[in-house]
Amino acid sequence: MSTILFDAPKELQHVYLVGGAVRDKLLGVESQDRDFVVVGESTEKMQGLGFQSVGDDFPVFLHPKTKEEYALARTERKTGKGYRGFAADASKSITLEDDLARRDLTINSMAMDKHGMIVDPYNGQQDLTNKVLKHTTDSFAEDPVRVLRVARFYARLGPQWQIHESTKQLMRDMHNQGELTHLVAERVYKETERALMEPYPHLFFETLIDFDIFPELANMRGVPQPVKHHPEGDVFVHTMLVVQRAADLNFDLPTRFAALTHDFGKPVAFDKYGNLYQHEQLGIEVIEAFSQRLKIPKKLTEIAKLMSENHTQCHRIREHTPEKLHTFLVDNMNAVKNEARFFQFLNACLCDAQGRGPTMVNNPYLQVDIAKSYLRSLQGLDAKQIVKQAIAKGLAGKQISDALRIAEIDNIHTTQVVLSRN
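Residues numbered from 1 in each chain as written. Predicted model: local features only at pLDDT ≥ 70, side-chain atom pairs only at ≥ 80, totals over all residues. Heavy atoms only, no water.

## Here we look at the overall build of the protein chain
Then, in step 1: Along its length, the protein chain carries 19 helices and 11 strands.
Then, in step 2: Principal axes of the C-alpha set define a box for the protein chain whose edges measure 85 × 50 × 40 Å.
Then, in step 3: Expressed as a percentage of the 422 residues in the protein chain, the buried residues total 50%.
Then, in step 4: Long-range contacts, defined as pairs at least 24 residues apart, comprise 66% of the intrachain contacts of the protein chain with a sequence gap of at least 6.
Then, in step 5: Accessible surface, the protein chain: about 20400 Å² in total, of which carbon and sulfur atoms supply 49%.
Then, in step 6: Looking at charge distribution, the protein chain has the averaged site of its 52 positive side-chain charges lying 4 Å from that of its 56 negative ones. (Helix = DSSP H or I, 4+ residues; strand = E, 2+ residues; numbered from the N terminus. Buried < 20%, exposed > 50% of the residue type's maximum accessible area, 1.4 Å probe, protein only. Contact = heavy atoms within 4.5 Å. Areas by Shrake-Rupley, 256 points an atom, 1.4 Å probe, with all protein chains shown as cover. Lys, Arg positive; Asp, Glu negative; His and termini not counted. Charge placed at Lys NZ, Arg CZ, Asp CG, Glu CD.)

The following block contains the structure:
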């Protein structure tokens, strides 16, 4: 074969495209980035060819023109707990097979030379064909982040794939031996964020449910729901359906995060009352603790709390008085000033309504259109003019805000009358 697939300086005799880029090429999908391994060379040689050193713990370089990453072939030796507890050896004697052996899954442990020839010492192509996620070597167990990565790849590739039984057992052993307790919060969140944006995010959480990484989700299992409203089963089953619905509809990260966390209060309510009473408010504290533990961005935490507290208000939007609608739309959601966030909330509510099994997944959710009608009407109010008129009447302080509130409630009432006629 004569086709050159990448541009490496001729002075580097043994350069290979590795990892995800090879996997994606064989799958026929576009790869987000490309990583290269250089065998039998030194840091001095790379720098002499104009490569910029960027690696702190091991020799990684940026190509002088393409800025793609080139790393010297290396092995890693476990020296401590967690994913940081490694010592790297990038000497010239390290072979390509040595380098591939340290990688997580067989489908990520292949290499390709510049002519397109595949190097596959761990049968990654076979596992790719058979749709199997299998660890490359037992060194997998040395890095707890790999448990998260297996689950995330499963969420990316889908239910037609399977995790090899030997890999499942290795993951269970890592949990039982306490290795997963060394996961760093930032890495857990980062993998969770990426998993939420994969095509099948529910597979990520279902894979990890028994590993004490997400106790808030584990606590949902076995918590019953009224069959009339939730024929799909317990709270965990419902939550997974809601998250998956958000992915199927290609909603953004805040919407998917709100979908994931919206019923965090149900296990608390069930323990406290034997039913789901006040689960909306009870979920707020759980979300706050969850976000603090995993160092989740404030923007996601805020919409999650709003979703927890207000999603049933949205479901019942046709039952509310104008005053209660004002509390929901203006006081709670601040919908006029935060339209984008309000739309994310509505999308999450849609997923909640449709994430109840196959009989309800395509049910219309008119509440979204109704809520948007109220919002458009409120946006049409000239708040500055209302305030100006209040001042002209001699009102001040709280009297002015009361006047604005009355005008908003009247606006909602008018919209409600119009909607009732349609």
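There is more to say after this.
## Regarding the packing of helix 7 (residues 185–196) against helix 11 (residues 253–261)
Between two packed helices, what matters for the description is the angle formed by their axes and the separation of those axes.
Then, in step 1: Their axes nearest at 10 Å, the elements helix 7 and helix 11 cross at an angle of 105°. Our classification of the angle between helix 7 and helix 11 gives roughly perpendicular. Residue-level inspection shows Tyr189, Glu193 and Leu196 of helix 7 in contact with helix 11, the latter providing Leu253, Arg256, Phe257 and Leu260.
Then, in step 2: Of the residues belonging to the contact of helix 7 with helix 11, the class tally is 5 nonpolar, no polar and 2 charged. (Axes fitted to C-alpha atoms, helices over the stretch in contact; angles between N-to-C directions. Parallel < 35°, antiparallel > 145°, perpendicular 65-115°, else oblique. Nonpolar A, V, L, I, M, F, W, Y, C, P; charged D, E, K, R; others polar.)

## Regarding the side chain of Ser109
Then, in step 1: Considering the arrangement of structural elements, one finds Ser109 in the loop between helix 3 (96–101) and strand 8 (111–112).
Then, in step 2: For Ser109, a relative accessible area of 0% puts it in the buried group.
Then, in step 3: When residues no more than four places from it in sequence are discounted, the contact partners of Ser109 are Leu100, Arg103, Val119, Pro121, Tyr122 and Thr136.

## Here we look at the nonpolar core
Then, in step 1: Within the largest apolar cluster, 100 residues are counted, with the highest numbers of intra-cluster contacts made by Leu133, Leu208, Ile213, Phe214, Leu217, Phe342 and Phe345.
Then, in step 2: With 9 residues, the single largest contributor to this core is helix 5 (residues 145–157).
Then, in step 3: Once you skip the residues sitting within four places of it in the chain, Leu208 turns out to touch Val147, Leu148, Ala151, Ile213 and Phe214.
Then, in step 4: By size, the runner-up hydrophobic cluster in this structure holds 9 residues, among which are Val37, Val39, Ile94 and Leu96. (Core = buried A, V, L, I, M, F, W, Y, C linked by side-chain atoms within 4.5 Å.)

## Some remarks on the environment of Thr321
Then, in step 1: Inspection of the secondary structure assignment puts Thr321 in the loop between helix 14 (298–315) and helix 15 (322–332).
Then, in step 2: Residue class for Thr321 comes out partly exposed when judged on its relative accessible area of 43%.
Then, in step 3: C-alpha of Thr321 to C-alpha of Ile409: the two residues are 88 residues apart in sequence and 9.5 Å apart in space.

## A word on the packing of aromatic side chains
Then, in step 1: The full count for this structure, using the stated rule, is 12 aromatic pairs.
Then, in step 2: An angle of 65° between the planes, with centres 4.9 Å apart, marks the rings of Phe6 and Phe36 as edge-to-face. Of this pair, Phe6 sits in the segment before strand 1 (15–18) while Phe36 is found in strand 2 (residues 35–38), placing the two residues 30 residues apart along the sequence. By the burial criterion, Phe6 is buried, and Phe36 matches it.
Then, in step 3: Measuring from centroid to centroid gives 5.0 Å for Phe204 and Phe205, while their planes differ by 90°, and the two rings are edge-to-face. Like Phe205, Phe204 is buried.
Then, in step 4: Clustering of aromatic rings is evident, with ring pairs tying together Phe6, Phe36, Phe51 and Tyr70.
Then, in step 5: The ring of Phe58 has Arg74 lying over it, and the distance from NZ or CZ to the ring centre is 3.5 Å.
Then, in step 6: Above the ring of Phe153, the side-chain terminus of Arg152 is found at 5.4 Å from the ring centroid. (Phe/Tyr/Trp six-rings, centres within 6.5 Å; stacked < 30°, edge-to-face > 60°. Lys NZ or Arg CZ within 6 Å of the ring centre and 35° of its normal.)

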